[in-house]
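Chain by chain, the residues run as shown.
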Amino acid sequence: MTVANAPTLVANLEAPTPAREPSSSVRRRGRGMVAMLGLTPFAAYVLLFLLLPTLIALATGFFTGKGAFTLGNLAALFTPTILMTFFSSFWVSALTAVLGAVIGALVCYALLGTKSSGALRTVIDSASSVLAQFGGVMLAFAFIATIGIQGVVTTLLKTQFGINIYANGVWLYQVPGLVLPYLYFQVPLMIITFMPALEGLKSQWAEANATLGGTKFSYWTRIAAPVLAPSFFGSLLLLFANAFSSYATAAALISQGSQIVPLQIRSALISETVLGRENMAGALALGMVVVMIVVMTGYSLLQSRTARWQR
Amino acid sequence: MSGTAVRIGAEPGRLARVVILSVVGLVFLIPIAAMVEFTFRIGLAGKHTVSHWTDLTNPAKADLYSNLVTAIGNSLTLAVVTVAIVLVILLPTMILVEIRFARLRRVLEFVCIIPITVPAIVLVVGLAPIYGVVVTVFGGDIWTLAFAYGITVLPYAYRAIQSNLGAIDVATLSEAARSLGAGWGNVLWHVLLPNLRRGILAASFISVAVVLGEFTIASLLNRVNLQTALLQLSQSDAYAAVIFALLALGVVFLLLLIIGRVSSSRPGTPRSAS
């Protein structure tokens, strides 16, 4: 047996912390202090480059350009224009997250049982890593070349099949036009994040299922699905967040107006005023963060339920 | 053993695998193929030329592309420094928490997913004053932007490492190695890291890809990276911009492919002598 094989032979259960012997507790406490020091680089880094900028960003919405406290920017979030951009952001993110998660999970399933160091997997791993961040300018180029007005697919459908995808107007440069480009990075991101979880399934579970007379169907529905659920929904939320906060692709595709929240923030940052208000970017950022907190709370509730089941 | 396939006993049939992979694969190739076709076009007439490609070596146009060459160098530097931040700051912390501070696991997870709830476009507003300080301490070199990118990749790197970390029993493995007389250095190097190889690799992959695709922070902090330079070039020469986008895509793909091959051909287990 080699060390690398060991995890497959060890049950994936949370081991209870071994009881500490009283005689060694002093020595252990001393080493605990040293171990604590090991956490400080990460703590300091996160404090300086995550928590501090976040607080600064969210606080600006509460002040006017002259530095006086105001709630006016927050109130402006509830005007129909801003509410509409939030709605657009939400449905595009939800749709592409669900489609991306399902298609990505299917690809992961298809890759099960292939050699992890084989040519197929190496190519797909690398391609997924690249495409997951094929965002922004490059992605806009790709889809303009594909389904733009003179795009390859647009032309092909029109000349060969007589189908005009833009019969009801050009939607590529509107919010619906974001769905296909967004899927182009959502599916690969799902493959990257979900594949390790799928490979964590133990062959013993399938054997136990077979021994007890279960079918492949019962294995997937009764064993694999509950075990994979937290990873799946975790990845799905990652995809939602990824789309909700994605800005470069939209910025390159949509030149007219600010139909989604990140574009609204950009115009607030660039022009300094949205709806004739200063520091509106801070308020929009706050609104965006509130939506994300609601989503992540739902995720966390869901996960603690599943974690309880797993124990 | 790294060479064998993971067997879970419920793999898809050959037909299902081929159908799923080829359908998804073909759909994903279409936009790339369309970009390639675009680089050979002459206007809208439907005729083709190679002149957009030969222009790349045209000395008269070299000035137009020099900014992009700098930008590519900048992005590669940022990728290396960001992966270093993940491996030197995040990875040891995650292992330490798993072994010694199990109660902090939820806290660490919470911290690592904060960048999901605080997108780059939100973060950048607060980063501007902080980079004012960073520049006075570390200077204005491009690599300092990696401090921000380390945060951007945090949720992705964390998830990649954690799904590996959660699938192996770190406590039992390290207790076993310790009771066999291994020091913590040996436990880390010969027991934990080989088992975490997939997670570390996935974390590095996704960090590199995130950094090379990053646009928001660089553009709003007025730094030059691959994405901001491509956008700039597209306004003066759309064909060249698409060509460079394709080349960048190809180079990054090859780079990740090589990293993947090298790490999977390396023996996954400690040599018997050690």
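Just so we're clear, the structure is a prediction, and the values are computed from it rather than from any experiment. (Residues numbered from 1 in each chain as written. Chains lettered and ligands numbered in written order. Predicted model: local features only at pLDDT ≥ 70, side-chain atom pairs only at ≥ 80, totals over all residues. Heavy atoms only, no water.)

Below, the discussion takes up the overall build of chain A. Looking only at helices and strands, chain A has 14 helices and zero strands in total. Beginning at the N terminus, the succession of helices and strands in chain A can be written as α-α-α-α-α-α-α-α-α-α-α-α-α-α. Out of the 311 residues in chain A, the part that is buried amounts to 50%. For chain A, the accessible surface area stands at approximately 14,700 Å², while carbon and sulfur atoms represent 68% of it. (Helix = DSSP H or I, 4+ residues; strand = E, 2+ residues; numbered from the N terminus. Buried < 20%, exposed > 50% of the residue type's maximum accessible area, 1.4 Å probe, protein only. Areas by Shrake-Rupley, 256 points an atom, 1.4 Å probe, with all protein chains shown as cover.)

Counting from both sides, the interface comprises 111 residues of chain A and, opposite them, 105 residues of chain B. Around 9,100 Å² of area is buried between chain A and chain B when both sides are counted, 73% of it from carbon and sulfur atoms. The largest contributions to the chain A side of the interface with chain B come from A:F42, A:Y45 and A:F49, which together make up 9% of the buried area. Joining chain A to chain B, the criterion identifies zero salt bridges. Linking chain A with chain B are six residue pairs in polar contact (both at pLDDT 80 or more). Among the elements that take part in the side of chain A that touches chain B, helix α3 (residues 40–59) of chain A stands out by supplying 14 residues, more than any other. Tallied by class, residues from the side of chain A that touches chain B come to 73 nonpolar, 28 polar and ten charged. (Contact = heavy atoms within 4.5 Å. Buried area = accessible area lost by both parts, 1.4 Å probe. Salt bridge = Lys/Arg side-chain N within 4 Å of Asp/Glu carboxyl O. Polar contact = N/O pair within 3.5 Å; in protein donor to acceptor, adjacent residues only side chain to side chain. Nonpolar A, V, L, I, M, F, W, Y, C, P; charged D, E, K, R; others polar.)

This paragraph deals with empty space enclosed by the protein. Unfilled space is identified by rolling a water-sized probe across the atoms. Counted by the stated rule, this structure contains six cavities of 30 Å³ or more. Taken together, 29 residues make up the lining of the largest cavity; nearest its centre are A:Q133, A:N242, A:S245, A:S246 and B:T152. Elements represented by at least two residues in the lining of the largest cavity include exactly α11 (216–245) and α12 (248–253) of chain A together with α4 (105–117), α5 (120–138), α6 (146–152), α7 (154–167) and α10 (197–213) of chain B. A total of four residues in the lining of the largest cavity trace back to one element, the largest contributor, which is α11(A). Classifying every residue of the lining of the largest cavity gives 18 nonpolar, ten polar and one charged. Roughly 90 Å³ of internal volume is contained in the second largest cavity. A:V130, A:Q133, A:M138, B:L212 and B:V252 are, among the twelve residues lining the second largest cavity, the residues nearest its centre. Residue assignment for the lining of the second largest cavity shows that the elements contributing at least two residues are α10, α12 (226–236) and α13 (238–265) of chain B. (1 Å grid on protein atoms, 1.4 Å probe; cavity = no way out; pocket = protein on both sides within 12 Å on 5 of 7 lines; lining within 4 Å. Points joined across faces, edges and corners; volume = space filled by probe spheres on them.)

Let us now look at unusual backbone geometry. Residue B:N222 is not a glycine yet carries a positive backbone phi of 60°. With respect to the helices and strands, B:N222 occurs in the loop between α11 (216–220) and α12.

The tendency in soluble globular proteins is for nonpolar side chains to be buried as a group. Judged by nonpolar contacts, the single largest core of 179 residues is most densely connected at A:F42, A:F49, A:F194, B:L90, B:V122, B:Y131 and B:L145. At 15 residues, the largest contribution of residues to this core is made by helix α3 (residues 62–100) of chain B. The contacts of B:L90, once residues within four sequence positions are left out, are A:F42, B:I85, B:C112, B:L154, B:A157, B:Y158 and B:I161. (Core = buried A, V, L, I, M, F, W, Y, C linked by side-chain atoms within 4.5 Å.)

Relative to the helices and strands, B:A146 is located in helix α6. As a C-alpha pair, B:A146 and B:V80 span 66 residues in sequence and 8.8 Å in three-dimensional space. Once residues lying within four places of it in the same chain are set aside, the contact partners of B:A146 are A:Y45, B:L78, B:V81, B:T82, B:I85 and B:Y131.

All names here are of chain B. This model, assessed by the stated rule, comprises 19 aromatic pairs over all chains. Where F38 meets Y239, the ring centres are 5.0 Å apart and the plane angle is 20°; that geometry is what we call stacked. You can see F38 sitting in helix α1 (residues 14–38) and its partner Y239 sitting in helix α13, a full 201 residues away along the chain. Residue F38 is classed as partly exposed on the basis of its relative accessible area of 22%. Measuring from centroid to centroid gives 5.7 Å for F138 and W143, while their planes differ by 75°, and the two rings are edge-to-face. The exposure class of W143 is partly exposed, given its relative accessible area of 29%. (Phe/Tyr/Trp six-rings, centres within 6.5 Å; stacked < 30°, edge-to-face > 60°.)

What follows concerns the pattern of salt bridges. If the charged atoms of two oppositely charged side chains come close together, the side chains can form a pair. Residue and element names in this part refer to chain B. Considering all chains together, one arrives at three salt bridges over all chains under this definition. A salt bridge links R41 to E37; the nearest nitrogen and oxygen atoms lie 2.9 Å apart. Judged by its relative accessible area of 13%, R41 falls in the buried class. Classification of E37 by relative accessible area gives partly exposed; the value is 25%. E109 serves as the salt-bridge partner of R106, at 3.6 Å between the closest nitrogen and oxygen. Within this pair, R106 and its partner E109 are both found in helix α4, separated by three residues, close to a single helical turn. Using a relative accessible area of 14% as the deciding quantity, one classes E109 as buried.

Turning to the packing of helix α8 (residues 170–179) of chain B against helix α9 (residues 184–195) of chain B, a few remarks are in order. In helix packing, the relevant descriptors are the interaxial angle and the interaxial distance, both defined with respect to the helix axes. Residue and element names in this part refer to chain B. Relative orientation of the contacting elements α8 and α9 amounts to 140°, with a least axis distance of 10 Å. In terms of their interaxial angle, α8 and α9 are classed as oblique. Once α8 is placed against α9, the crossing between them reads as right-handed. Contacts from V170, L173, S174, A177 and R178 of α8 reach α9 at W184, V187, V191, L192 and N195. (Axes fitted to C-alpha atoms, helices over the stretch in contact; angles between N-to-C directions. Parallel < 35°, antiparallel > 145°, perpendicular 65-115°, else oblique. Left-handed = near helix turned anticlockwise from the far one by under 90°.)

Attention now moves to the confidence of the model for chain A. Residues and elements named next belong to chain A. Summing up the model confidence of chain A, the mean pLDDT is 78 and the portion of residues at 70 or higher is 83%. The weakest mean pLDDT in chain A belongs to helix α1 (residues 6–9) at 34; the strongest belongs to helix α5 (residues 80–111) at 92. Every residue in residues 1–24 scores below 50 in pLDDT, and together they form 29 contacts with partners more than four places removed in sequence or on other chains. (pLDDT = per-residue confidence, 0-100.)

Residue and element names in this part refer to chain A. Relative orientation of the contacting elements helix α7 (residues 136–147) and helix α8 (residues 152–161) amounts to 15°, with a least axis distance of 3 Å. The angle between α7 and α8 places the two elements in the roughly parallel class. Counted together, A145, T146 and I147 of α7 and V152, V153 and T154 of α8 form the full contact between these two elements. Of the residues that constitute the contact of α7 with α8, the class distribution is four nonpolar, two polar and no charged.

Looking now at a nonpolar patch on the surface. A grouping of A:M84, A:F87, A:W91, A:L95 and A:L99 is seen on the molecular surface, where their side chains present a nonpolar patch of about 460 Å² in accessible area. Within the fold, A:F87 resides in helix α5. (Patch = residues over 30% accessible without salt bridge, like charges linked within 9 Å, V, L, I, M, F, W, Y side chains within 5 Å.)

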